[in-house]
Amino acid sequence: MTFFDKHSLDHADPFYFDEYNMIDHVITTVRRLYGITGAVSMLAGLALLFWPVKTLVVLTVVLGIYFIVAGIIRLATAIWTPLLPGGWRALNIITSLLLFFGGLIMVRNQALSAATLATFVVMATGFGWIIEGVMTLVESAAVHNRGFAIFSGVLSILAGIVVLMFPLESTDMLVLFAGAALTVLGITLLVRAFTFGKIA
């Protein structure tokens, strides 16, 4: 296959991404996007690794403020929007109040809310792994490498059960894993930001 044929095939591919033939301002924009995302990811990962409790508290406060603001906006929309059905208006008011008071509780009880949030994430992860493992076992009959699929499904179920049995210990491990993963991802994106569009 000649270079011309390969070049034509590449451009026929809808997922073809030629970073070396982009316009300069597009390359600059992509580099900035990689750089900002990488820096935020790396800082978040380092914060989770070195200050896990404080980071979870900050996350809880941010979520609490978000719930408060969302509750106020939804409440205002439910009250002052004309021609809304009565049932929808009442349901929206109840939802808004729940969001508002939930956010208020999270902001006022930061440490407790952070621990609850972390435990909830761990429990959800455990249930997710169990469900994923069961689905993998169910689908294992249709895959080519059945032994690996069964092993993967059983491992996922066991991991989910362990997480549900030891949620506190799992929370610490999950926070450390998330911190390490975010740090590595951030460094990778920063390297990509400096090398994007440059010919070696």
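Residues numbered from 1 in each chain as written. Predicted model: local features only at pLDDT ≥ 70, side-chain atom pairs only at ≥ 80, totals over all residues. Heavy atoms only, no water.

### Let's talk about the packing of helix 3 (residues 52-80) against helix 5 (residues 110-139)
Note the following rule: With axes taken as lines fitted to C-alpha atoms, and helix axes fitted only over the stretch in contact, angles between N-to-C directions fall between 0 and 180 degrees. Put simply, DSSP H or I for four residues or longer makes a helix, DSSP E for two residues or longer makes a strand, and each gets a number counted from the N terminus. When describing relative orientation, an angle under 35 degrees is termed roughly parallel and one over 145 degrees roughly antiparallel, while 65 to 115 degrees is termed roughly perpendicular and anything else oblique. We call two residues contacting when some pair of their heavy atoms lies within 4.5 Å. Charged means Asp, Glu, Lys or Arg here, nonpolar means Ala, Val, Leu, Ile, Met, Phe, Trp, Tyr, Cys or Pro, and polar covers whatever is left, Gly included.
Their axes nearest at 8 Å, the elements helix 3 and helix 5 cross at an angle of 95 degrees. Relative to helix 5, the element helix 3 is oriented roughly perpendicular. The residues of helix 5 that touch helix 3, namely those facing Leu56, Val57, Leu59, Thr60, Val61 and Leu63, are Gln110, Ala111, Ser113, Ala114, Leu117 and Ala118. Per-class residue counts for the contact of helix 3 with helix 5 are nine nonpolar, three polar and no charged.

### Remarks on the UniProt feature "transmembrane region" (unreviewed entry) in the chain
Heads up, the condition is: UniProt positions are given in the numbering used here, feature names are shortened, and annotations may be inferred rather than shown by experiment.
The residues that UniProt annotates with the feature "transmembrane region" (unreviewed entry) are residues 33-51, 57-76, 88-107, 113-135, 147-168 and 174-194. Secondary structure over residues 88-107 splits into 100% helix and 0% strand, and the C-alpha atoms at its two ends are 28 Å apart. The distance from the first to the last C-alpha atom of residues 113-135 is 32 Å, and the span holds 100% helix and 0% strand.

### Some remarks on the nonpolar core
Heads up, the rule is: Throughout, nonpolar core names a set of buried Ala, Val, Leu, Ile, Met, Phe, Trp, Tyr and Cys residues whose side chains join them through atoms within 4.5 Å. Any residue under 20% of the maximum accessible area for its type is buried, any over 50% is exposed, and the rest in between are partly exposed; the area is computed with a 1.4 Å probe on protein chains only.
Grouped together as the largest cluster of nonpolar side chains are seven residues: Leu48, Leu56, Val57, Val61, Ala114, Ala118 and Val175. Contributing elements (two or more residues each) for this core: helix 3 and helix 5. For this core, the element with the most residues is helix 3, which contributes three residues.

### Comments concerning the packing of aromatic side chains
Selection rule: Ring pairs are drawn from Phe, Tyr and Trp, using the six-membered ring of Trp, whenever the two centres fall within 6.5 Å, and their geometry is named by plane angle: stacked under 30 degrees, edge-to-face over 60, tilted for the rest.
Within this structure, the stated rule accounts for three aromatic pairs. Between Phe50 and Trp51, the aromatic rings sit 6.1 Å apart at their centres with planes inclined by 55 degrees, giving tilted as the arrangement. When sorted by exposure, Phe50 lands in the same class as Trp51, which is exposed.

### Points about the confidence of the model for the chain
Detailed reading of predicted coordinates is not advised where the pLDDT is low. Stated precisely, the cut-off is as follows: The pLDDT value tells you how sure the predictor is about a given residue, anywhere from 0 up to 100.
Mean pLDDT over the chain works out to 77, with 82% of the residues at or above the 70 mark. For the chain, per-element mean pLDDT is lowest for helix 1 (residues 3-12), which scores 48, and highest for helix 4 (residues 86-108), which scores 84.

### Some thoughts on the layout of surface pockets
As a reminder of what qualifies: In this analysis the probe radius is 1.4 Å and the grid spacing 1 Å, with only protein atoms considered; a cavity is a set of points the probe fits into but cannot get out of, a pocket is an open set with protein on both sides within 12 Å along at least five of seven lines, and lining residues have an atom within 4 Å of a point. Grid points are joined across faces, edges and corners, and a volume is the space filled by probe spheres set on the points.
Taken as a whole, the largest pocket encloses approximately 280 Å³ of empty space. Lining the largest pocket are 14 residues, with Leu48, Leu56, Leu59, Val121 and Val175 sitting closest to its centre. Sorting elements by how many residues they give to the lining of the largest pocket places helix 3 first, with five residues. Of the residues contributing to the lining of the largest pocket, the split by class is twelve nonpolar, two polar and no charged. Looking at the second largest pocket, its volume works out to about 240 Å³. Among the elements of the structure, helix 2 (24-50), helix 3, helix 5 and helix 7 (167-195) are those that each provide at least two residues to the lining of the second largest pocket. Of the residues belonging to the lining of the second largest pocket, the class tally is twelve nonpolar, two polar and one charged.

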